[in-house]
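Commentary on secondary and tertiary structure
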Amino acid sequence: MGVGIEVNNLNAWFGKAQVLNEVNMKIGPNAVTAVIGPSGCGKSTYVRCLNRMHETNPDARLTGSVKVGEMEIYAPGTDAVDVRRRIGMVFQKPNPFPTMSIYDNVAAGLRLNGFTRRAELDAAVESSLRMAALWEEVRDVLKKKSGASLSGGQQQRLCIARALAVQPELLLMDEPASALDPISTGKIEELIFQLKTKYTVVIVTHNMQQAARVADYTGFFLMGKLIEFDKTEKIFTTPSDKRTEDYITGRFG
Amino acid sequence: MRTRFQQGLDELKERLLEMGGLAESAIELASESLRKRDGRIAQEVFEREKLINESQRAIDEMGVDLLAMQQPMATDLRFVLAVLKINSDLERVGDLAVNIAQRSLNVAQEQELVIPVDIARMTTAVSTMVRRALESFLSAKSDVAQAVLQMDSIVDRMKDEAFITLVAQMKKDPERIRIYMDVLLITRSLERIADHATNIAEDVIFWVNGTDVRHNSRVATEPDSDRPASQ
């Protein structure tokens, strides 16, 4: 089951530049939340703060709290690696391990977490690939083909399967379909819709139609601030803030 | 700024107002054909209706193109949806003007008949509603649209009064029942036009405020208990 997320007074910096400013957001479990906004608004930084990836940049720092389920991910003593295991992430550009087979790509996270029994690995790989809607396309070449040999859309679904294999509680996606053709994009969007039955999903997208198609809730960011956060249909039909309205109608700037 | 898109929206607005002008004049002409018992004026209503039907097709096409090609959002989405709905209402207004004109041809057979209800007064009220509804669309003013909604009950009352008067007249003068029925149906058509003006005003309120006020409801601006928390 997915978990809820509670973000309180989140501020983030790169060096002296503040990129997120007092962000508060509460997301219920098993919902898809889209994060939209113009380039540089802080939306990617925001999701990177949700699994402690922001701090991997040496100049980065943040204040505030992020609670995922019962876990305060910035509490002293919380292990960042454990956080990232529980919170999966899929990036814009599919990044399968190029020399590994399809099977090994999906099993990699499990092996790092100490799973070695063959039967367990086989079952987890199959169920992850099924959830990522890739199983039927690759079942006969699991160990024969490398991850890099797949098409872009298949590679992205492989990355999703890899993220799901370790059974995360939350799945973050940073523009997961922006490098894909419309058919692959459609498959990823359908998959996101299915995934919310088991996971909580947060997706960054610059494609507003995509946000409208897949998300239950949408947050609009502008210059590091969360301007508006509401049900997706409300944001796209009757937004409350003029800045949201200007952005989604293309009158921005 | 999406210039081409904005031009498309402006053009759509212009075409709808043009169609509104045709519908408004069709009502006036239909009423005049009754008042003057003149079949040639009724003929003009029939011609006007053909133009209204052509406009309806063109506006539908433009609206669907904008939806498909430009994927409007928020106020723009509400605007296109409102235009498509108002388009249907105006087309029906044209049909009802034709109904009135056809009935007036029957009434014209009885040049000496004194019509016992004030059709001109009712027509003025109905035409005013249509005009105000179109003005509210032109100026994007929901208060003007709101005023149209208030007027609907006045027209309803006029129709009810006409019904009572005409039924009494039918009893008094049963040989002319058919003609009084025509007059009764004319008042019914006028009342239906007022309903379409009300629909147009409701669509304008939806476009401007994002509020659904149909059937005495008020949706979209009410606080939403299911709304997620944010800053």
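Residues numbered from 1 in each chain as written. Chains lettered and ligands numbered in written order. Predicted model: local features only at pLDDT ≥ 70, side-chain atom pairs only at ≥ 80, totals over all residues.

A look at the nonpolar core
Ranked by size, the top nonpolar core spans 146 residues in total, and within it Ala161(A), Ile203(A), Ala97(B), Val130(B), Ala133(B) and Val204(B) carry the most contacts. Per-element tally for this core: the top contributor is helix α6 (residues 177-209) of chain B, with 16 residues. Those residues in contact with Ala161(A) that lie beyond four places of it in its chain are Val106(A), Ser128(A), Leu129(A), Met131(A), Ala132(A) and Leu134(A). (Core = buried A, V, L, I, M, F, W, Y, C linked by C-beta atoms within 7 Å. Buried ≥ 20, exposed ≤ 12 C-beta atoms within 10 Å, placed from the backbone. Helix = DSSP H or I, 4+ residues; strand = E, 2+ residues; numbered from the N terminus. Contact = placed C-beta atoms within 7 Å.)

Some points on the sheet that holds strand β1 (residues 5-14) of chain A
If you trace the four strands from one edge of the open sheet to the other, you get β2-β1-β4-β5 (chain A), paired in antiparallel fashion. Each of the sheet's edge strands pairs with one partner strand only, and the pair in question is β2 (17-27) and β5 (71-72) of chain A. (Pairing = 2+ DSSP bridges.)

What to know about the interface of chain B and chain A
Residue-level contacts link 17 residues of chain B with 22 residues of chain A. Of the residues assigned to the side of chain B that touches chain A, the class counts are eight nonpolar, five polar and four charged. (Nonpolar A, V, L, I, M, F, W, Y, C, P; charged D, E, K, R; others polar.)

Here we look at helix α7 (residues 182-195) of chain A
Residues and elements named next belong to chain A. Over its 14 residues, α7 extends 20 Å from the first C-alpha to the last, a length consistent with the 20 Å expected when each residue adds 1.5 Å. Taken residue by residue, α7 has Ile188, Glu189, Leu191, Ile192 and Leu195 as its buried positions. Within α7, the buried residues cover an arc of 160 degrees as seen down the axis, which keeps them to one side. Turned more than 90 degrees from where α7 packs its buried face, Pro182 and Ile183 sit exposed. (Expected span 1.5 Å × (residues − 1). Arc of directions from axis to C-beta.)

Notes on the pairing of strand β9 (residues 217-222) of chain A
Residues and elements named next belong to chain A. Within β9, six of the six residues are buried, leaving the element largely enclosed by the surrounding structure. Across the two faces of β9 the burial is the same, with Tyr217, Gly219 and Phe221 and Thr218, Phe220 and Leu222 all buried. Across four bridges, the pairing between strand β3 (residues 32-36) and β9 is parallel. By the bridge assignment for β9, alanine 34 is matched with threonine 218. Note: β9 against strand β10 (residues 225-231), six bridges, orientation antiparallel.

Details of unusual backbone geometry
Unusually for a residue other than glycine, Met223(A) sits at a positive phi of about 45 degrees. Note on placement: Met223(A) falls in the loop between β9 and β10. Taking the number of C-beta atoms within 10 Å as the measure of exposure, Met223(A) has 15 and is therefore partly exposed. Even without being glycine, Ala74(B) reaches a positive phi, approximately 50 degrees. One can find Ala74(B) in helix α3 (residues 74-108).

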